[in-house]
Amino acid sequence: MSELVLGIDTIGRGGSVALADESGVVGIQTHDPDLGYAEELFGLFDDLLADCGRERRELTAVAVLSGPGSFTGLRIGVMTAKTLAFGLGLPLLAAPTLDLVAAAAGPGRWTAAADAGGDMLWAAPFEVDASRVEPLGPVRRVAPDAIEGEVVSAPPVRIGHPVDGLAGPLAALAARRRPPLGEVDPLALVPEYAAVSQAERVHGLD
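Residues numbered from 1 in each chain as written. Predicted model: local features only at pLDDT ≥ 70, side-chain atom pairs only at ≥ 80, totals over all residues. Heavy atoms only, no water.

This paragraph deals with the overall build of the protein chain. Each helix and strand counted, the protein chain has 5 helices and 12 strands in total. For 206 residues, the compact-globule estimate of 2.2 N^0.38 gives 17 Å, and the protein chain sits close to it at 16 Å. For the protein chain, restricting intrachain contacts to residue pairs at least 6 apart in sequence, the fraction spanning at least 24 positions comes to 61%. In the protein chain, 15 positive and 28 negative side-chain charges are present, and the distance between their average locations comes to 3 Å. (Helix = DSSP H or I, 4+ residues; strand = E, 2+ residues; numbered from the N terminus. Rg over C-alpha atoms; globule rule 2.2 N^0.38 Å. Contact = heavy atoms within 4.5 Å. Lys, Arg positive; Asp, Glu negative; His and termini not counted. Charge placed at Lys NZ, Arg CZ, Asp CG, Glu CD.)

Before going further, it helps to spend a moment on the pattern of salt bridges. When charged atoms on two side chains of opposite charge get close, those side chains can pair. By the definition in use, this model includes 8 salt bridges. In this structure, the salt-bridge partner of Arg 177 is Glu 3, at a minimum N-O distance of 3.4 Å. Of this pair, Arg 177 sits in the loop between helix H4 (167-175) and strand E12 (182-184) while Glu 3 sits in the segment before strand E1 (5-9); the two residues are 174 residues apart in sequence, bridging distant segments of the chain. Through salt bridges with shared partners, a single network forms among Arg 109, Glu 127, Asp 129, Arg 132 and Glu 134. (Salt bridge = Lys/Arg side-chain N within 4 Å of Asp/Glu carboxyl O.)

Let's shift gears to the packing of aromatic side chains. The geometry of an aromatic ring pair comes down to the distance between the two centres and the angle between the two planes. Enumeration over the complete set of coordinates arrives at 2 aromatic pairs. When the ring of Phe 42 is compared with that of Phe 45, the centres are 5.5 Å apart and the planes differ by 80 degrees; the resulting orientation is edge-to-face. One end of the pair, Phe 42, and the other, Phe 45, are both in helix H1 (residues 37-51), 3 residues apart, so they sit about a helical turn from each other. (Phe/Tyr/Trp six-rings, centres within 6.5 Å; stacked < 30°, edge-to-face > 60°.)

Using the criterion set out here, one finds 1 cavity of 30 Å³ or more in the structure. A volume near 60 Å³ is recorded for the largest cavity. Surrounding the largest cavity, Leu 6, Leu 19, Phe 45, Leu 49, Arg 56, Leu 59, Leu 84 and Leu 88 form its lining. Taken together, the elements giving at least two residues each to the lining of the largest cavity come down to H1 and helix H2 (71-88). Within the lining of the largest cavity, the residues separate by chemical class into 7 nonpolar, no polar and 1 charged. (1 Å grid on protein atoms, 1.4 Å probe; cavity = no way out; pocket = protein on both sides within 12 Å on 5 of 7 lines; lining within 4 Å. Points joined across faces, edges and corners; volume = space filled by probe spheres on them. Nonpolar A, V, L, I, M, F, W, Y, C, P; charged D, E, K, R; others polar.)

All right, on to the sheet that holds strand E4 (residues 61-67) then. The sheet built from 6 strands is open, its strands ordered E3-E2-E1-E4-E5-E12 with mixed pairing. The outermost strands of the open sheet, each flanked by one partner alone, are strand E3 (24-30) and E12. Across this sheet, the average inter-strand angle for adjacent strands is 30 degrees, counted without regard to direction. Contacts between H2 and the sheet are confined to E1, E4 and strand E5 (92-96), with E4 contributing the most and set at about 155 degrees to the helix. Strands E1, strand E2 (16-21), E3, E4 and E5 of the sheet are contacted by H4, whose axis makes an angle of about 30 degrees with E2. (Pairing = 2+ DSSP bridges. Axes fitted to C-alpha atoms, helices over the stretch in contact; angles between N-to-C directions.)

What follows concerns the layout of surface pockets. Here the largest pocket is characterised by a volume of approximately 550 Å³. Taken together, 30 residues make up the lining of the largest pocket; nearest its centre are Ile 11, Gly 12, Arg 13, Ser 70 and Asp 115. Sorting the residues of the lining of the largest pocket by element identifies E3, strand E6 (108-117) and H4 as the ones contributing at least two each. The element contributing the most residues to the lining of the largest pocket is E6, with 4 residues. Residue composition of the lining of the largest pocket, by class: 14 nonpolar, 10 polar and 6 charged.

In this structure, Leu 6, Ile 8 and Leu 181 are the most contacted members of the largest nonpolar core, which totals 53 residues. When residues in this core are grouped by element, the largest group, 6 residues, is from H2. Excluding residues within four positions of it along the chain, Leu 6 makes contact with Val 17, Ala 18, Leu 19, Phe 45, Leu 48, Leu 59, Ala 61, Val 62, Ala 63 and Leu 84. If you look at the next biggest cluster of nonpolar residues, it comprises 7 residues, including Leu 121, Val 142, Ile 147 and Val 151. (Core = buried A, V, L, I, M, F, W, Y, C linked by side-chain atoms within 4.5 Å. Buried < 20%, exposed > 50% of the residue type's maximum accessible area, 1.4 Å probe, protein only.)

Turning our eyes to something else, we now look at helix H3 (residues 97-105). Each turn of an α-helix holds 3.6 residues, which means side chains three or four residues apart point in the same direction. By the criterion of burial, H3 is predominantly enclosed, with 7 of the 9 residues buried. Following H3 by one or two positions, Gly 106 adopts a phi angle in the positive range, close to 90 degrees.

These results come straight from atomic positions and should not be treated as a statement about function.
What follows is the structure in structure tokens.
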């Protein structure tokens, strides 16, 4: 059976959804950051499927970024992916954000970076080859000028080697069952925030 995977990236305000098969990305739809994910996400899926001449029944898996990322976007993306996978009876695949950023850059040693809010970045070092995406250190919240090594970054960050978007690489790697994607239990997947929310910091939980 040919693979057709839906990839969901909602880690920031300007996320996207993508379809991919074993040959690569079939189509992408970008989220309007002026609208809430809750208002638009299912409409994006339907528009994407229609533009690609495909139907939901053709999907073979759903893939999502598990974080870190925007609290609201990440929560909605993970919840939606779980709902689709459970409702359609499909495998759910997930990848940590920075692992996916490094994988999207291809083989090499990379410091992957993503927006952490407040002019800060999430960053972690990785070694990537054809069969693995190996973390070489912990995820840290750092200032941009504190990042070392060969950097690859996710939107909206534009440092080092920026990745155009994450939904496409996410879906394409999932369609080929390549690392860092792994199948997860939809009921068990929870977002990886990596830090408490702003509201929690205000109440002294940081």
